[in-house]
Amino acid sequence: MATLTCSKLAIFTLSAVLLQVVGLSLFVLGFFPVKPALSGVSGPESYSFPTCSSTDGHAEEMQRPPPEQLGSLYEELSGIPSSFDRLIFMVVDGLPAEFVLGKSHKHPGESMKDAMPYTQSLLSNGKAIGYHAKAAPPTVTMPRLKAMVSGAIGGFLDVAFNFNTQKFLDDNLLGQFDSVGWKMVMHGDETWLKLFPGLFARHDGVSSFFVKDTVEVDHNVTRHLDTELVAKDWNLLILHYLGLDHVGHIGGRHSVLMAPKLKEMDEIIRIIHTTAILLESTDKHTLLVVVSDHGMTDSGNHGGSSYEETDSLVLFVGLHSKHQDYTSATLNSASQVDIAPTLAILFGVPIPKNSVGILIPETLSCLTEEQQLRAIELNSWQLKRLLQAELPYLFCGKSPSKDFDYKQALMTTGCNHTDEEKLHCLFLKALASHDSWKHGQLATSMSIYITDLHNVITEYYKFSRTAAEWLSRRVTDKPFDLLAVGILIMFMSSVILVGLLFLFSSEVSLGEIQSPELRNFDSKWHLDEIFVLAAVSIYVLSLASSSMVEEEQYIWHFLTSTLFFIFLRTSFRGQLVAASSNSCDGHRLFRIFPILSLLICGRILRGWYQGGVNWTHLPDISKWFEQMGSVTLQYLQVASVVLITGLGLYTLHQIKSMKGLNIIVQASILVTSILVLLHTMEYKDSMTGASTYSATSMAQTIFATLGVTFLGVTLTVPWLMPISLYQVQKAMQHQFTSSDNEMHYKYLLSSIRDLSYLIGRTSVVLWCLLQLLLHHKIKAGPILLLFLQILLCTKYFSIVGSHHKPWVEVAAMYFLGMAGHFGLGNSNSLATIDVAGAFIGLSSHSTVLSGILLFFITYASPLLFILSLLMYTPVKEMKFPLGLKSLSLYLQIKVGMPCLVPLALNSVALATFTFILLLMRNHLFVWSVFSPKYLYVCAATLSVYIGVIVVAAISTYTWLVFVFRTKVFVQSPVRQKYVSEGYIIQEKRKKRKKNWS
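Predicted model, so just to flag it, every value in this text is computed and none were measured.

Basis of the calculations
- Residues numbered from 1 in each chain as written.
- Predicted model: local features only at pLDDT ≥ 70, side-chain atom pairs only at ≥ 80, totals over all residues.
- Heavy atoms only, no water.
- Phe/Tyr/Trp six-rings, centres within 6.5 Å; stacked < 30°, edge-to-face > 60°.
- Helix = DSSP H or I, 4+ residues; strand = E, 2+ residues; numbered from the N terminus.
- Lys NZ or Arg CZ within 6 Å of the ring centre and 35° of its normal.
- Salt bridge = Lys/Arg side-chain N within 4 Å of Asp/Glu carboxyl O.
- Buried < 20%, exposed > 50% of the residue type's maximum accessible area, 1.4 Å probe, protein only.
- Contact = heavy atoms within 4.5 Å.
- Patch = residues over 30% accessible without salt bridge, like charges linked within 9 Å, V, L, I, M, F, W, Y side chains within 5 Å.
- Areas by Shrake-Rupley, 256 points an atom, 1.4 Å probe, with all protein chains shown as cover.

**Considerations on the packing of aromatic side chains**
This model, assessed by the stated rule, comprises 30 aromatic pairs. Centroid distance Phe84 to Phe347: 5.9 Å. Interplanar angle 35°. Geometry classified as tilted. Here Phe84, found in the loop between helix H3 (67–78) and strand E1 (86–92), pairs with Phe347, found in the loop between helix H17 (339–346) and helix H18 (369–390); they are 263 residues apart in sequence, far enough to count as distant. Ring geometry for Phe89 against Trp192: centres 6.3 Å apart, planes inclined by 80°, an arrangement best described as edge-to-face. Linking Phe89 in strand E1 with Trp192 in helix H10 (residues 191–195), this pair joins segments that are 103 residues apart in sequence. Aromatic ring contacts, followed pair by pair, group Phe27, Phe31, Phe913, Phe930 and Tyr934 into a single cluster. Directly above the aromatic system of Trp234 lies the positively charged group of Arg86, at a separation of 3.8 Å from the ring centroid.

Structure representation (structure tokens):
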């Protein structure tokens, strides 16, 4: 291979990958910027009519009075007295509003009502008002807390920052409360402490990510309740309960632990209401606000945009509903960002500067109608400031002057303009209506006065709702030039990688390295090659459809099964040709069996989980097993561990060149599998999900055993493998049949292939055992099927005469990896991420360790099939030239093909979907469908990088060790002794044979 050397291949590949990383970084920074629309915080200026010079509050902030005077100033400027003195903000993490308020005009089920009787009585008696508060995706804790306290919709990448929360610097309610001298206390989720460090006078934080704990995590909050409720030194008490969310992650929303947890939350609401609200003195008024940050799916996960995940709760206890019937108190709807402006008005502080929420009308019933008008006017002014920053040409260039004709604006019957002009028109109509009411309030009767007042409030609400919707859609500004440059760089990277792949493939087929079946293989395109290219085209085109993105699993299952049907067709045709020429042999018959078995495994895997987003309610194999009970699931996992271990040990036993080393490796695998079995039988059937010390210790022991075995095999075995001619002869018990050098390099390559196979097979078995430990029991079946597919696939490709080019075979394994990814229950919704397994073996929360485990769980299948590529070259029959050059060529083919094919296929998907995302930037489903998918595409890219690096590092390390040991051996005087001893042994055998005959 003179045209594409190993160094050139490495340089071009690394350059393409670096270009891809640069392009991806530019696009992500441009498409997902995390920044507020306005800097600074709201102050006294927020109570004045907004002008184009009032978009920044830094100057006013410098001149503010001390906290004890600022509250009185706010009340004087607003004209609205503070309705309450103290606020209890209770967060029940993951509580769906449906559990409390029902769904689709239907009351909650009797079991849910029985679980929360006191809360239901508050709603029925008009002592509380409940709302379905829609949460914006991503539905994870940190961005939802930000939305509730700031009223702003954060960047979509907050889903990543959720695992490493930083200080919240944007204007928010807690900062406003602190500015007026409030004393704040927090008990519960430590996310609050990370968002607002140093703000709480007292606090007791607990980790939100250790989902195995459903009891102590809430007890640590409740134990402070009696003390805090009688204390008089706080103004804001935050209680964040995590247990219900953890119950969902462990057993789903229908878990047997859900009803007891709801009863526990209901009892806490009863204690707070009877202690802090009913028995409070007349000069103190406390408001209890019960909220949830998000809902949960049937499986208990969240993060996506389905109704079940976005249906969060907000319950105002202490506000009396005007409606005395239960239905009117529970069928209200709002947005989660509406909480911030509503609480700001009720407690007499300015609305946070970047809030896009609107006041919840029913919560203002404690105010007079004139105060309600003032409140919605302040809300409209705050939204206008945001619009001025976004549309300065419209709201600054056309602001009403002193001579503005309000009567003409009032006579406007409609605002049928563009969205931006409609906003300006609605605002002018609200101002005109307000001005008309002011001028006519002394000359009209009380009934007309009230009617006109309600009309003004209605006009302000029309503007506020329209403005809030427009601002919510336009959360961030996307710099098109930066996005275009990022996409262009990614396409350049993709072209380089695809070009390298085809150049390298042609040289493998026509150059010095050849498979026996390719020696007479013509250079024309064949059906399997054409289909792989067509499959990639079909896949990238499907990414432009939101429905196909939601149900991507159907694409991969179809493409994978079709490709292997083409392989089956090729095998049948070869069998028919052989039969017609009377040359049928066992090899040709045997190569059909792996394909048929692989297709059967694929069909079972396809039916294990039904649908990605829209069809999950349909019956499938997993639901059938779950209905059979936990005992059956445990049998399934035990059987999977036994079969994977047994088959793995059997395949390792086939390696004859290093029996001693093989026995040690097999023993290590056997010990690990026994530990996994013990962990499965002892701890994985626990319904409480509590992580005991013994369970954690055993899991850590398994991790250590897996790590030591993997590192031991990859790092030490290459130094222990026999490489000399005489050592190989002794190990193989093989007689000399050719010259010394020829035999030396022949068995040298044989040793490298055996070692590569040993490392590859060991890595695959260990990875499967790790996944059986981390995944839920129901996924043991898919993991076993994936392992069987790898065995069958490598067996089929090892048969001489398979008549497929190497890049097609590697692409087929990549397809299997992607189909297996969805076969394990994954989808393009963030809700299907299995968080529970990420904390197995952790005695305390660690963002890094749990993040790594979560990544391993989510991308178990793609990483598994990339690891299996370590065995691809060893099982192939390759013809290499003799000499040290053979080692270099072997490294080139061993690293080149398994690394280039995944990188090239992934680069095409990444660049294409990035371009589609740019086109869909204003699509209705850009945040609910396309953006979550893009996060998955980026994570898949990372998994390819990690897998390729591992394969390349292991192969290169093995090659370096063998080259070093070979050069040392060739130059060693001991070599002549081995050669002479070998020659003497051979001559003695010949002499004995001659004498015997």
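The structure having been displayed, the exposition proceeds.
**Here's the deal with the pattern of salt bridges**
By the definition in use, this model includes 16 salt bridges. Taking the shortest distance from any N to any O, the salt bridge between Arg253 and Glu98 comes out at 3.2 Å. Residue Arg253 is found in the loop between helix H13 (243–251) and helix H14 (258–277), and its partner Glu98 is found in helix H4 (residues 97–101); the two are separated by 155 residues along the sequence. Arg253 gets classed as buried once you look at its relative accessible area, which sits at 5%. Residue Glu98 is classed as partly exposed on the basis of its relative accessible area, which comes to 22%. The partner of Lys462 in a salt bridge is Glu459, and the shortest N-O contact between them spans 3.9 Å. Remark: Glu459 and Lys462 occur in helix H22 (residues 446–473); sequence separation between them is three residues, near one turn of the helix. Assessed through its relative accessible area of 14%, Glu459 is described here as buried. Taken together, the shared-partner salt bridges connect Lys183, Arg202, Glu228 and Asp233 into one network.

**Topic: H13**
In terms of residue burial, H13 counts as a mostly covered element, since seven of its nine residues are buried. Looking at the buried positions of H13, the neighbouring elements they touch are E1, helix H11 (216–222), strand E5 (236–241) and H14.

**Regarding a nonpolar patch on the surface**
A cluster of nonpolar side chains, contributed by Leu670, Ile674, Leu678 and Met681, occupies part of the molecular surface with about 330 Å² of accessible area. Position of Leu670 among the secondary structure elements: in helix H31 (residues 659–683).

Distances and angles like these do not, on their own, reveal function.
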